[in-house]
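Descriptive structure summary
Take a look at the letters that make up each chain.
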Amino acid sequence: MRSDSHLASSYLSILGWPAGFLLDDRIEALVASIGMDPDQARSEAMMEPPTVVGTVDAIISDEILRVLHNLGVLAVAPSEDELAMYPDPEPIKRIARFPETSPTAFAADDNDEPAWTFTTDDIRLIVSGTARYTETKVSAKRTTMGAGNGTSRYSTEVETVRTERIRTKDMLDIHLVMNGKPRLLRLTGQRTLIRSLEDIDDPPSLLNPLDPIGLLKPHIPGVQIDQAFDSFNPPPKIRLKSGGSRHSAKKRTPEAFGFYSVWLATINRMLRGEG
């Protein structure tokens, strides 16, 4: 049994405000349901849904949701445990589409295991976004003391030079349900391929890379495609894990994308009534 100091937390998530709700109405709803400080409530209320407005003890999440639902607010509160139980992403190098199949069939190839197939009917959600991360390089060099008789002398002291660059990484998650269980495929980088089986071995163009969403969309009618990661504000706990802050580009880290993707998929499963 957990002690009171280690109560499970839930991510209070606003999926939609009632039509006609003004900013003050949103603030009042958060204050009334969670007891949130009005200034913090204003900051959270300004974020458009879907958004995580805070973490709450799981033991009281039902009561908080009851207050919000009575106000007409569409909200859910998936727990940390529910998100932690979601399967880890499977890195996939390329996906081949079988032409002239209905529903469309695909083969996933990770270069290490035999390819396996799934169809459009297995796909529940597509999440696409660009993550940002800091690449750090550390180099060392000895400083020159001076030259004499055509030779250089070096100090015994070593100067350490640290450089940082912001890099980007395109990420695309395909959430499946197979045999009643969720499965997550993750493709990263512009060289990732989603193509017809006939074209899968053609080398990708680095100057004009193909858009994976554009390649998938015509073959997955009815499947939700989310591309709103760039406007998402991760909860404080996730920002701390990835070293970012709410008002920093670092909040778009790969770790934040991973949370966002699984959070969305968990919410979708809750709304569909899937276990």
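Residues numbered from 1 in each chain as written. Predicted model: local features only at pLDDT ≥ 70, side-chain atom pairs only at ≥ 80, totals over all residues. Heavy atoms only, no water.

**Some thoughts on the pattern of salt bridges**
Inspection of every chain in the model, using the stated rule, returns 8 salt bridges. Arginine 26 is the partner of glutamate 48 in a salt bridge, and the nearest nitrogen-oxygen pair spans 3.2 Å. Of this pair, glutamate 48 sits in the loop between α2 (38–45) and β2 (51–57) while arginine 26 sits in helix α1 (residues 23–34); the two residues are 22 residues apart in sequence, bridging distant segments of the chain. Here glutamate 48 falls in the exposed class, since its relative accessible area comes to 52%. (Salt bridge = Lys/Arg side-chain N within 4 Å of Asp/Glu carboxyl O. Helix = DSSP H or I, 4+ residues; strand = E, 2+ residues; numbered from the N terminus. Buried < 20%, exposed > 50% of the residue type's maximum accessible area, 1.4 Å probe, protein only.)

**Thoughts on helix α7 (residues 254–272)**
Between the first and last C-alpha of α7 there are 27 Å, a value that for 19 residues agrees with the 27 Å anticipated at 1.5 Å per step. Extensive coverage of α7 is indicated by the burial of 15 of its 19 residues. Phi turns positive one or two residues past the end of α7, at glycine 273, with a value near 75 degrees. (Expected span 1.5 Å × (residues − 1).)

**Topic: the side chain of aspartate 122**
With respect to the helices, strands and loops of the structure, aspartate 122 is situated in the loop between β7 (116–119) and β8 (123–148). Here aspartate 122 occupies a buried position and makes no salt bridge, while the nearest side chain of opposite charge, arginine 124, is found at 5.8 Å. Ignoring sequence-local partners within four residues, the contact set of aspartate 122 consists of His175, Leu176, Val177 and Met178. (Lys, Arg positive; Asp, Glu negative; His and termini not counted. Contact = heavy atoms within 4.5 Å.)

**Some points on α2**
Considered for burial, the residues of α2 that qualify are Ala41, Glu44 and Ala45. One side of α2 carries all its buried residues, which in axial view fall inside an arc of 95 degrees. A side-chain oxygen of the first residue of α2 lies 3.0 Å from the backbone nitrogen of aspartate 39; this N-cap is aspartate 37. (Arc of directions from axis to C-beta. Polar contact = N/O pair within 3.5 Å; in protein donor to acceptor, adjacent residues only side chain to side chain.)

**Remarks on the confidence of the model for the protein**
Of the residues in the protein, 78% have a pLDDT of 70 or more, and the chain-wide mean is 84. Below a pLDDT of 50 lies the segment residues 1–5, which in the model reaches 2 contacts outside its immediate sequence neighbourhood of four places, other chains included. (pLDDT = per-residue confidence, 0-100.)

**Observations concerning the nonpolar core**
Among the nonpolar cores identified, the biggest contains 23 residues, and Phe259, Tyr260 and Trp263 are the most heavily contacted of them. Sort the elements by how many residues they give to this core and α7 lands first, with 9 residues. With residues near it in sequence (within four places) discarded, tyrosine 260 still touches Val127, Asp226, Ala228, Phe229 and Phe232. Grouped together as the second largest cluster of nonpolar side chains are 18 residues, Ile92, Trp116, Phe118 and Leu216 included. (Core = buried A, V, L, I, M, F, W, Y, C linked by side-chain atoms within 4.5 Å.)

**Examining the packing of aromatic side chains**
Tallied over the entire structure, the rule returns 10 aromatic pairs. Note on phenylalanine 229 and tyrosine 260: the rings are 5.7 Å apart at their centroids and 45 degrees apart in plane angle, and the pair reads as tilted. Of this pair, phenylalanine 229 sits in the loop between β12 (224–226) and α6 (236–241) while tyrosine 260 sits in helix α7; the two residues are 31 residues apart in sequence, bridging distant segments of the chain. Judged by its relative accessible area of 1%, tyrosine 260 is buried. Ring geometry for phenylalanine 232 and phenylalanine 259: centres 6.3 Å apart, planes at 20 degrees, overall stacked. With phenylalanine 232 in the loop between β12 and α6 and phenylalanine 259 in helix α7, this pair connects stretches of sequence that are 27 residues apart. A network of ring pairs unites the aromatic residues Tyr11, Phe229, Phe232, Phe257, Phe259, Tyr260 and Trp263 as a single cluster. Positioned above the aromatic ring of tryptophan 116, the side-chain terminus of arginine 183 is 3.7 Å from the ring centre. (Phe/Tyr/Trp six-rings, centres within 6.5 Å; stacked < 30°, edge-to-face > 60°. Lys NZ or Arg CZ within 6 Å of the ring centre and 35° of its normal.)

**Looking at the sheet that holds strand β1 (residues 9–16)**
Pairing within the open sheet is antiparallel, and its 3 strands lie in the order β2-β1-β3. Edge positions in the sheet fall to β2 and β3 (74–76), since each has one partner strand and no second. The sheet shows a mean angle of 25 degrees between the axes of neighbouring strands, direction not considered. Across 6 bridges, the pairing between β1 and β2 is antiparallel. If you follow tyrosine 11 over to β2, its bridge partner there is threonine 55. Along the sheet, α7 makes contact with β1, β2 and β3, crossing β1 at roughly 75 degrees. (Pairing = 2+ DSSP bridges. Axes fitted to C-alpha atoms, helices over the stretch in contact; angles between N-to-C directions.)

**Concerning unusual backbone geometry**
Of the consecutive residues proline 49 and proline 50, the connecting peptide bond is found in the cis state with omega at 0 degrees. Take proline 50: it is sitting in the loop between α2 and β2. Here serine 102 and proline 103 are connected by a cis peptide whose omega angle stands at -5 degrees. Note that proline 103 resides in the loop between β5 (94–98) and β6 (105–109). A positive phi angle is found at glutamate 100, which is not glycine, with a value near 60 degrees. Inspection of the secondary structure assignment puts glutamate 100 in the loop between β5 and β6. Overall, glutamate 100 belongs to the exposed group, its relative accessible area being 82%. If you check the backbone angles, asparagine 179 has positive phi at about 55 degrees while not being a glycine. Within the secondary structure, asparagine 179 is located in the loop between β9 (151–178) and β10 (181–188).

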